[in-house]
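# Inside the fold
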Amino acid sequence: MATADTLREGDQAEPTVSPAEQRELSVEGMTCASCAGRIERVLSRQPGVSEARVNFASHHARISYDPALVDLPALEAAVGKLGYRATPLEETAPDEDEQAREREQRGWLRRVALSVPLAAVVVVLVYGFGDQSWARWLAFALTVPIQFLAGWPILLSGLARARRLSANMDTLIALGTLTAFVFSTVRLFIGGDLFYDTAAVIMAFIVLGRFFEARATSRASGAIRKLLELGANEARVIVDGEERLIPVEEVTVGARVRVKPGEKIPVDGEVLDGHSTVDESMLTGESLPVEKSPGAGVAGATVNLDGALTVRATRVGRDTALA
């Protein structure tokens, strides 16, 4: 018989495998899909990370990693080296995220209000009075706030990427508009055609686009939040043969949940007992109810119609189909 100190030839000790931990990060500074792809590649290459997914629309990163090999601050630092900022997304983050998006939208709107009217005036000055000294200097004066006030976040983003020997869409915008601005400023002193209108109009259109993007993202996030609110708030869990009504956040995988007729199913699971029909239209779009019997799968937030069901929870919280 083998002892603790001796193993038979060919025997190997069982490797200790740490369970993968999943976390979500809020990522700031992304300006295009290539930014999300770059962050995703870097996170995926970190030792101990089994999977990384970055969503540009929501500015969230979902990471599965081994906490024994890498900790969360190390992942945040890896993102920071690229010129972005990653912070843990807590359960209370949706409200904070919504407020941040509203602030971002208001900020871009103020920049639009500054840049678009001034850009229109610059175009008139350059094309209508380009041979007049006063018009040339006024075009310069009006282009400065467009370039360096309204467009400052874009210039700052391009500079941050350049410092790390990388590039993104903001890099191209910064190079193009700064080239036109500097060339025109030189021509302002030595004479020649000016291209302040190019720098002003490009930056104004980019700022306008960023405002529309921020507004669309905010509306999409609002629609997602309303969708999540369709889920059940409480679950009737069976404990020692008795039914207990608890918040749905406290339901764990493997718990048995009783769902009465007319109630929403609180979690994704498998039917253990009972026969009923379930309205799954909010999730699948199918208008006809679907029959459910033992062994069938059910999804959270769908409605149990005409029979009581006992469901074993298989996915809860952010792992459900609705989430």
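Turning to the overall build of the protein chain, a few remarks are in order. Helix and strand counts for the protein chain stand at eight helices and 13 strands. Once the C-alpha set of the protein chain is aligned to its principal axes, its extents read approximately 90 × 65 × 25 Å. Looking at the protein chain as a whole, 39% of its 323 residues are labelled buried. For the protein chain, restricting intrachain contacts to residue pairs at least 6 apart in sequence, the fraction spanning at least 24 positions comes to 66%. A total accessible area of about 18,300 Å² is found for the protein chain, and carbon and sulfur atoms account for 57% of it.

Bringing the nonpolar core into the picture now. Generally speaking, nonpolar side chains in soluble globular proteins are found buried as a group. Counting 28 residues, the largest nonpolar core has Val122, Tyr196, Met203 and Val207 as its most contacted members. Looking at this core, the elements that each hand over two or more residues are helix 3 (93-128), helix 4 (133-150), helix 5 (152-163), helix 6 (169-190) and helix 7 (196-228). Among the elements that line this core, the one with the most residues is helix 7, at eight residues. Discounting chain neighbours no more than four positions away, the residues touching valine 207 are Trp108, Arg111, Val112, Ser115, Ala150 and Ile154.

What follows concerns the packing of helix 5 against helix 6. In contact at an axis separation of 8 Å, helix 5 and helix 6 are set at 115 degrees when each is read in the N-to-C sense. Here helix 5 is positioned roughly perpendicular relative to helix 6, judged by the angle of their axes. The hand of the helix 5/helix 6 crossing is left-handed. Across the interface between the two elements, Ile154, Leu155, Ser157, Gly158 and Arg161 from helix 5 touch Asp170, Thr171, Ile173, Ala174, Thr177 and Leu178 from helix 6. Here the residues of the contact of helix 5 with helix 6 sort into five nonpolar, four polar and two charged.

Let us now look at the environment of glycine 285. Looking at the secondary structure, you find glycine 285 in the loop between helix 8 (281-284) and strand 10 (290-292). Through-space distance from the C-alpha of glycine 285 to that of proline 145 is 50 Å; in sequence the pair is 140 residues apart.

Before going further, it helps to examine the packing of aromatic side chains. Summed over all chains, the structure comprises nine aromatic pairs. Plain terms: the ring middles of phenylalanine 129 and tryptophan 134 are 5.6 Å apart, the flat faces sit at 45 degrees to each other, and that makes the pair tilted. Ring centres of tryptophan 137 and phenylalanine 140 lie 6.1 Å apart, and the angle between their planes is 85 degrees; on these two criteria the pair is classed as edge-to-face. With tryptophan 137 and phenylalanine 140 both in helix 4 and three residues apart, this pair spans about one turn of that helix. Here the aromatic residues Trp137, Phe140, Phe148, Phe181, Phe189 and Tyr196 are joined through ring pairs into a cluster of three or more.

Let us now look at a nonpolar patch on the surface. A cluster of nonpolar side chains, contributed by Trp137, Val182, Val186, Phe189 and Ile190, occupies part of the molecular surface with about 550 Å² of accessible area. Ranked by residue count, the leading element in the nonpolar patch is helix 6, at four residues. Here valine 182 shows up in helix 6. Residue valine 182 is classed as partly exposed on the basis of its relative accessible area of 47%.

Here the focus is the environment of glutamate 250. Mapped onto the fold, glutamate 250 is located in the loop between strand 6 (242-247) and strand 7 (256-259). Each C-alpha atom of the pair glutamate 250 and alanine 235 lies 8.8 Å from the other, and the pair is 15 residues apart in sequence.

Across the two faces of strand 7 the burial differs, with Val257 and Val259 buried and Arg256 and Arg258 not buried at all. Sheet topology note: the strand 5 (residues 234-239)/strand 7 ladder contains two bridges and is antiparallel. If you follow arginine 236 over to strand 7, its bridge partner there is arginine 258.

Cut-offs used in this document
Residues numbered from 1 in each chain as written. Predicted model: local features only at pLDDT ≥ 70, side-chain atom pairs only at ≥ 80, totals over all residues. Heavy atoms only, no water. Helix = DSSP H or I, 4+ residues; strand = E, 2+ residues; numbered from the N terminus. Buried < 20%, exposed > 50% of the residue type's maximum accessible area, 1.4 Å probe, protein only. Contact = heavy atoms within 4.5 Å. Areas by Shrake-Rupley, 256 points an atom, 1.4 Å probe, with all protein chains shown as cover. Core = buried A, V, L, I, M, F, W, Y, C linked by side-chain atoms within 4.5 Å. Axes fitted to C-alpha atoms, helices over the stretch in contact; angles between N-to-C directions. Parallel < 35°, antiparallel > 145°, perpendicular 65-115°, else oblique. Left-handed = near helix turned anticlockwise from the far one by under 90°. Nonpolar A, V, L, I, M, F, W, Y, C, P; charged D, E, K, R; others polar. Phe/Tyr/Trp six-rings, centres within 6.5 Å; stacked < 30°, edge-to-face > 60°. Patch = residues over 30% accessible without salt bridge, like charges linked within 9 Å, V, L, I, M, F, W, Y side chains within 5 Å. Salt bridge = Lys/Arg side-chain N within 4 Å of Asp/Glu carboxyl O. Pairing = 2+ DSSP bridges.

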